[in-house]
Amino acid sequence: MKKTCQKCGKEAVIFISHQGRWLCEKHFKTYFFQKLEKTIKHYKLLSKKDKIFLAVSGGKDSMSLWEALFHIGYNPIGYYIKLGLGPHEEDIIETISQFAEERGLTFRIFDFPKTYGKTVPEIAYKKNRRVCSVCGLVKRYHFNYLATKEGFDVVVTGHNLDDEITSIAIDNIRWEIKELGRKDGPLMEEWHDKFAKRAKPFALFTDEEIKLFADTMGIEYYERTCPFHGEHSTRLDLKRVFGEMDRLHPGFKVQYYKNFLKVKHVFEPYLEELPLKECKVCEMPTRIGICAFCRLIDKTKEV
Ligand code: AMP
Ligand code: ZN
Ligand code: ZN
C-alpha cells in the first residue's frame, strides 16, 4: 500500500521515525529546514554574524550542510583539506568547485602535501600508524589551525546522527570510559582562545534524511568512500543494528543520542586531563609541551 503524507495526503517519500509520520517531498523539505534552524538555536551553534568555516569533504553530508545553511541565510566558506590520498582527490575538488561555482559560494583548498612536502599516507607509513588515524589528526588540527589563523568564528562539519551514535556505541560496548568522556555533542564545549568553536548542525539528522535531502535538492556529491577507509565491520554491523532497532522502535536512534548527551558528564571525571596550554612549536592548544601534530611531522624544535 502506498503511504501518504500526513500533512497533505500526497504520495509520501519518507517515514520520520521519531515523529511517527510519513511526509511527501515538499513537506519533507519544510521539515528539514525547520529542524535545522531549531537545532542551531537550541544548541546555540551559529549566529547570522558568524564567519563560518565549513569543512567540506565532497560527500553527501558536508555538501548538503552547505546547501541547507545557505538556504536558511548563512554563508559559510567551504574548506577542503587535500591530504594526498590519491588521484580521486582531484575529482572531489572538481565536484566541490562546480557546486560552489553554480551557487556563487566561496571555496578554498588547503594543500597538505604541497605545504609539508609529504602526503598523509607517507607520514603514516613512516610512523607505522594507521592512515585513518593520521588523517583524522591532520584534519582536526588544520580545521582549527586555519580557522583561528583566518579569523573564523566557528568550524562546522557534516557529522550526522548515524555517525555519532555508532561511535558512541563502539566506545560504550568496549567500556572506553575516557573516550566516552571525551565525546562532543552538537557543540564542542571546550574553550581556549586558540580553539575555534566547533559545531555539528546535522548531529540529529539521520543518514536517510540527508541522502534524501541531497537527492531532492539535486546536489551532486562524491559518493565513493576513501580508499584507505576499511570500514570496521563492527561499525557497519552496528549501523545495521541501529537501523533495525529504529524500525522496531521508532525514534530509537535519536533517543539513544539524546540520552547519551544527558549522562555524558558522568564520564568526564575519568578523563583526568591536564589543563590546556600552548604548543611550544606552533602555539596551538595542547595538554603536553609539543602538540600531537608537531610530533607527527617531527617539528619538535621551537621556530
Ligand atoms: P569523516 O571523518 O570522513 O566521516 O567526515 C566527517 C566530516 O569531516 C565531514 O562531514 C566533513 O565536514 C569533514 N571532512 C572530512 N574530510 C574532509 C576533508 N578532506 N576536508 C575538509 N573537511 C573534511
Ligand atoms: Zn505533503
Ligand atoms: Zn604544535
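Residues numbered from 1 in each chain as written. Chains lettered and ligands numbered in written order. Predicted model: local features only at pLDDT ≥ 70, side-chain atom pairs only at ≥ 80, totals over all residues. Heavy atoms only, no water.

With 61 residues, the main nonpolar core has Phe 28, Leu 46, Trp 66, Leu 69 and Val 156 as its most contacted residues. Looking at this core element by element, the count peaks at six residues for helix H1 (residues 25-42). If near-sequence neighbours (up to four positions away) are discounted, Val 156 is found in contact with Leu 46, Ile 52, Phe 53, Leu 54, Ala 55, Leu 65, Leu 69, Ala 199 and Pro 201. Phe 112, Leu 137, Ala 196 and Val 281 belong to the second largest nonpolar core, which has 34 residues in total. (Core = buried A, V, L, I, M, F, W, Y, C linked by side-chain atoms within 4.5 Å. Buried < 20%, exposed > 50% of the residue type's maximum accessible area, 1.4 Å probe, protein only. Helix = DSSP H or I, 4+ residues; strand = E, 2+ residues; numbered from the N terminus. Contact = heavy atoms within 4.5 Å.)

This paragraph deals with the coordination of the zinc ion (ligand 2). Summarising the metal site, the zinc ion (ligand 2) is bound by the protein donors Cys 5 (SG), Cys 8 (SG), Cys 24 (SG) and His 27 (ND1), whose distances to it range over 2.0 to 2.4 Å. Coordination at the zinc ion (ligand 2) comes from four donor atoms whose angles at the metal span 102 to 112°, giving a geometry best classed as tetrahedral. All donor residues of the zinc ion (ligand 2) come from one chain, and their arrangement in sequence is C-x2-C-x15-C-x2-H. With Cys 5 in the segment before strand E1 (14-16) and His 27 in helix H1, this pair connects stretches of sequence that are 22 residues apart. Residue His 27 is classed as buried on the basis of its relative accessible area, which comes to 17%. (Donors = N, O, S within 2.8 Å, 3.2 Å for Na, K, Ca; no water. Tetrahedral: all angles 85-135°; square planar, octahedral: opposite > 155°, others 65-115°.)

This next bit is on the domain arrangement of the chain. As far as domains go, the chain holds domain 1 (44-222 + 233-272) and domain 2 (273-303). One C-alpha centre belongs to domain 1, the other to domain 2, and the line joining them spans 23 Å. Considering only the side of domain 1, the residues that lose the most area to domain 2 are Tyr 141, His 192 and Lys 194, jointly responsible for 31% of the buried surface there. The tally of links from domain 1 across to domain 2 stands at three salt bridges. In this structure, Asp 298 engages Lys 126 in a salt bridge whose closest nitrogen and oxygen atoms are separated by 3.2 Å. Looking at the side of domain 1 that touches domain 2, the elements that each hand over two or more residues are helix H4 (112-116), helix H5 (120-127) and helix H6 (131-149). Looking at the side of domain 1 that touches domain 2 residue by residue, the class counts come to 10 nonpolar, four polar and nine charged. (Domains from an automatic or database assignment. Buried area = accessible area lost by both parts, 1.4 Å probe. Salt bridge = Lys/Arg side-chain N within 4 Å of Asp/Glu carboxyl O. Nonpolar A, V, L, I, M, F, W, Y, C, P; charged D, E, K, R; others polar.)

It is worth spelling out the side chain of Asn 160 at this point. Relative to the elements of secondary structure, Asn 160 occurs in the loop between strand E6 (154-156) and helix H7 (161-173). Taking relative accessible area as the criterion, Asn 160 reaches 0% and is therefore assigned buried. Ignoring any residue separated from it by four or fewer positions in sequence, one finds Asn 160 in contact with Lys 60, Asp 61, Phe 202, Ala 203, Phe 205, Asp 207 and Ile 210.

Around ligand 1, the structure places 13 residues, and the nearest of them are Ala 55, Val 56, Ile 81, Lys 139 and Gly 158. The contact in question runs from a nitrogen atom of ligand 1 to an N or O atom on the backbone of Val 56, over 3.4 Å. At 3.0 Å, a backbone N or O of Gly 158 approaches an oxygen atom of ligand 1. In isolation ligand 1 exposes 480 Å². Once the protein is present, 77% of that is buried. Within the residue set of the shell around ligand 1, elements represented by two or more residues are strand E4 (77-82) and H6. The element that contributes the greatest number of residues to the shell around ligand 1 is E4, accounting for three residues. Its residues assigned to classes, the shell around ligand 1 comprises seven nonpolar, five polar and one charged. (Near = heavy atom within 4 Å. Polar contact = N/O pair within 3.5 Å; in protein donor to acceptor, adjacent residues only side chain to side chain. Areas by Shrake-Rupley, 256 points an atom, 1.4 Å probe, with all protein chains shown as cover.)

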